[in-house]
Amino acid sequence: MILEGKRILLGVTGGIAIYKVVHLASRLTQGGAQVDVVMTEAATRFVAPMTFQAVTQRAVYVDPWQPIPDGEHARIAHVHLARSADLFIIAPATANTIARLAHGLADDLLSSIALSCAAPWLIAPAMESHMWASPATQANVAILRDRGVTFVGPVAGHLASGAKGVGRMVEPEEIMEAARALLGRNGPLAGRRVVITAGGTREPIDPVRYIGNRSSGKMGVALAQAARDLGADVVLIHGPLQVPVPWGVEARYAETAQAMYEATMAILPETDVLIGAAAVADFRPAEPAADKVKKEEAQELVIRLVRTPDILAEVGRRRRELGRPRVVVGFAAETRDLIAYAQEKLHAKNLDMVVANDISAPDAGFAVDTNRVTILRREREPEPWPLLSKDEVAERVMQEVVVLLRQTEGMDDG
Ligand code: PMT
């Protein structure tokens, strides 16, 4: 959604990783962005401009003297392209291009555009590891970073030479993530700290066994992405996850309910919005065994369980004194009486909103990519949402959070 209607200038330079950038251009276009590709002469030796033209459905620029299409011949291509961009991505970026950008050369269309482009820059380098490690390249990267340029990668892996090392361009997915974050950085949550708990917890029985649950962390991670895309400074406090932590999100690992409780309380005074999407264990073994429990020693095993701290309930209590978090959102995962239990949580835990999911439905709740939720807010009727992807649920939840934040602060001002 963040890509919808955005103008992205994609500078492509001569490296073998260019084949991945065709996929990137296609993904950005499918996401609703208008992608204008500018290629260096060297880049055209790897892939023909026609390839990018086909995936973006737009003219591709190589020659600085080429007039721009649509009858706008009077405008100079590099000024027009640079001025209209919301984001300037350079991928793959060779050592040569990075050097030319750092020193302000303007000897081809791409470098000329760079000099006129005030949009945020995102660079995905790709080169041999010794070129990347060279003092000259590192100094050039430092110059660009000092000017506020964002770099993604390079990472370690197989290189064009057949060697292994750091120099490989990151995957298009990661460039997409960084692009989304940069496009959203002045969004309605800019300057706000949003803390999200995600994934399940593991309560140890002995050093090898634990009591856990089926949470994959997908819902919490989707919320983290959506908050980041609105400009928030996001901290993800998470147990084991089956999906990666999104780019630009600060992760803090908390394996047990107690660890998640401590991590959440520690950050509470600096938190504007807290969303509890984690499936936190309500009970833990009272006395985890120090050594592995041996089956030969008993015919049955009885484990005494004790309650874990209720993180959200404590947040709800403390916010009364702290005045923070300004907005607190909980989830409710139920197999029956969904709305009644969710209403109870809304009030008992002093929440602003509950996202209730009926986890008995096969297309909602744990591990799947979709969710069917009902939204509960104070003094409002429950609002059932249709079946949506977890990404869509997350975007809509964050839109509600923006409204709640404005309402809370409006009340404070008044
Ligand atoms: O991770 P996925 O596979 O994507 O699945 C998503 C999900 C189903 C885990 C998620 O959408 C969800 O519903 N999470 C909350 C699950 C849950 O534990 O619900 P609950 O009804 O037991 O808890 C209510 C709220 O209190 C939750 O916000 C929970 O994070 C919080 N809680 C619960 C227990 C506890 N000790 N501390 C808490 O803070």
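Residues numbered from 1 in each chain as written. Predicted model: local features only at pLDDT ≥ 70, side-chain atom pairs only at ≥ 80, totals over all residues. Heavy atoms only, no water.

1. Let's talk about the packing of helix 8 (residues 172–183) against helix 9 (residues 218–229)
Thinking step 1. Packing of helix 8 against helix 9 brings their axes to within 7 Å, and their N-to-C directions diverge by 45 degrees. Regarding the angle of helix 8 to helix 9, the classification is oblique. Of the residues in helix 9, those in contact with Glu177, Arg180 and Ala181 of helix 8 are Gln225, Arg228 and Asp229.
Thinking step 2. Counted by class, the contact of helix 8 with helix 9 contains one nonpolar, one polar and four charged residues. (Axes fitted to C-alpha atoms, helices over the stretch in contact; angles between N-to-C directions. Helix = DSSP H or I, 4+ residues; strand = E, 2+ residues; numbered from the N terminus. Parallel < 35°, antiparallel > 145°, perpendicular 65-115°, else oblique. Contact = heavy atoms within 4.5 Å. Nonpolar A, V, L, I, M, F, W, Y, C, P; charged D, E, K, R; others polar.)

2. Quick word on helix 4 (residues 95–102)
Every α-helix winds through 3.6 residues per turn, so residues three or four apart in the chain are directed the same way.
Thinking step 1. For helix 4, the tally of buried residues reaches six of eight residues, placing the bulk of the element in the interior.
Thinking step 2. Those residues of helix 4 that fall on the buried side of the exposure criterion are Ala95, Thr97, Ile98, Arg100, Leu101 and Ala102.
Thinking step 3. On its buried side, helix 4 packs onto strand 4 (87–93), helix 5 (109–116), strand 5 (121–125), helix 6 (129–133), helix 7 (135–146) and strand 6 (150–151).
Thinking step 4. Following helix 4 by one or two positions, Gly104 has its phi on the positive side, about 70 degrees. (Buried < 20%, exposed > 50% of the residue type's maximum accessible area, 1.4 Å probe, protein only.)

3. Looking at the sheet that holds strand 17 (residues 327–334)
Thinking step 1. The mixed open sheet is built from eight strands, whose spatial order is 13-12-9-14-17-18-20-21. This sheet does not close on itself; its edge strands, each paired only once, are strand 13 (250–253) and strand 21 (383–384).
Thinking step 2. By the bridge criterion, four bridges tie strand 9 (residues 193–198) to strand 14 (residues 273–276) in an arrangement that is parallel. Among the inter-strand pairings, Ile196 is bridged to a residue of strand 14, identified as Ile275.
Thinking step 3. Its contacts with the sheet put helix 10 (residues 257–267) on strand 9, strand 12 (233–238), strand 13 and strand 14, and the angle it makes with strand 12 is roughly 160 degrees. (Pairing = 2+ DSSP bridges.)

4. Quick word on the packing of aromatic side chains
Thinking step 1. As enumerated under the stated definition, the model contains one aromatic pair in all.
Thinking step 2. Relative to Trp121, the ring of Phe88 lies with its centre 5.5 Å away and its plane at 85 degrees, an arrangement referred to as edge-to-face. With Phe88 in strand 4 and Trp121 in strand 5, this residue pair connects regions lying 33 residues apart in the sequence. Side by side, Phe88 and Trp121 carry an identical accessibility label, which is buried.
Thinking step 3. A cation over an aromatic ring shows up here: Arg307 above the ring of Phe283, its NZ or CZ 5.6 Å from the ring centre. (Phe/Tyr/Trp six-rings, centres within 6.5 Å; stacked < 30°, edge-to-face > 60°. Lys NZ or Arg CZ within 6 Å of the ring centre and 35° of its normal.)

5. Re the sheet that holds strand 1 (residues 7–12)
Thinking step 1. As summarised here, the arrangement of the six strands in space is 3-2-1-4-5-6, forming an open sheet in which the pairing is parallel. Unpaired on one side and paired on the other, strand 3 (60–61) and strand 6 mark the two borders of the sheet.
Thinking step 2. Where strand 1 meets strand 2 (residues 34–39), six bridges bridge the pair, whose relative direction is parallel. When the sheet's bridge partners are listed, Val12 is paired in strand 2 with Met39.

6. Details of the pairing of strand 1
Thinking step 1. For strand 1, the buried fraction is high: five of the six residues fall into the buried class.
Thinking step 2. The parallel pair strand 1 and strand 2 is bridged by helix 1 (residues 18–30), and the resulting crossover is right-handed.
Thinking step 3. Examined bridge by bridge, strand 1 and strand 4 share four bridges and lie parallel to one another. In the sheet register, Leu10 faces strand 4, and the bridge partner there is Ile89. (Right-handed = clockwise from strand over helix to strand, strands pointing away.)

7. Notes on the domain arrangement of the protein
Where interface size is given, it is often the accessible area lost as the parts come together that is meant.
Thinking step 1. According to the domain assignment, the protein contains domain 1 (7–183) and domain 2 (193–413).
Thinking step 2. With seven residues of domain 1 at the contact, the number on the domain 2 side is five residues.
Thinking step 3. Together, the buried faces of domain 1 and domain 2 total about 620 Å²; carbon and sulfur atoms form 49% of this surface.
Thinking step 4. For the domain 1 face of the interface with domain 2, the top three residues by lost area are Glu177, Arg180 and Ala181, together amounting to 72%.
Thinking step 5. Linking domain 1 to domain 2 there are two salt bridges.
Thinking step 6. For Arg180, the salt bridge goes to Asp229, with nearest N and O atoms at 2.6 Å.
Thinking step 7. Counting the contacts that link domain 1 with domain 2 gives three residue pairs in polar contact (both at pLDDT 80 or more).
Thinking step 8. Residue contributions to the side of domain 1 that touches domain 2 peak at five residues, all from helix 8.
Thinking step 9. Grouping the amino acids of the side of domain 1 that touches domain 2 by side-chain chemistry returns three nonpolar, one polar and three charged. (Domains from an automatic or database assignment. Buried area = accessible area lost by both parts, 1.4 Å probe. Salt bridge = Lys/Arg side-chain N within 4 Å of Asp/Glu carboxyl O. Polar contact = N/O pair within 3.5 Å; in protein donor to acceptor, adjacent residues only side chain to side chain.)

8. What to know about the site of the ligand
Thinking step 1. The ligand sits among 29 residues. The nearest are Ser215, Ser216, Gly276, Lys345 and Ala367.
Thinking step 2. A distance of 2.9 Å separates an oxygen atom of the ligand from a polar side-chain atom of Lys349.
Thinking step 3. Across the complex, the protein chains shield 95% of the 760 Å² of accessible surface that the ligand would expose by itself.
Thinking step 4. The set of elements that each furnish at least two residues to the shell around the ligand consists of helix 9, helix 11 (311–322) and strand 17.
Thinking step 5. When grouped by side-chain class, the residues that make up the shell around the ligand number 14 nonpolar, eight polar and seven charged. (Near = heavy atom within 4 Å. Areas by Shrake-Rupley, 256 points an atom, 1.4 Å probe, with all protein chains shown as cover.)

9. Quick look at the pattern of salt bridges
Thinking step 1. A complete count under the given rule lists 30 salt bridges for this structure.
Thinking step 2. Taking the shortest distance from any N to any O, the salt bridge between Arg58 and Asp36 comes out at 2.8 Å. Taken as a pair, Arg58 in the loop between helix 2 (49–56) and strand 3 and Asp36 in strand 2 lie far apart in primary sequence, 22 residues in all.
Thinking step 3. In this structure Asp36 comes out as buried when scored by relative accessible area, which is 5%.
Thinking step 4. What you see here is one network of salt bridges that share partners, running through Arg192, Asp272, Arg324, Arg326 and Glu409.

10. Describing the environment of Arg7
Thinking step 1. Residue position: Arg7 is located in strand 1.
Thinking step 2. Here Arg7 falls in the partly exposed class, since its relative accessible area comes to 25%.
Thinking step 3. For Arg7 and Gly184, which are 177 residues apart along the polypeptide, the C-alpha to C-alpha distance reads 13 Å.
Thinking step 4. Not counting residues up to four positions away in its chain, the partners in contact with Arg7 are Gln34, Asp36, Arg58, His80, Ser84, Ala85, Asp86 and Leu87.

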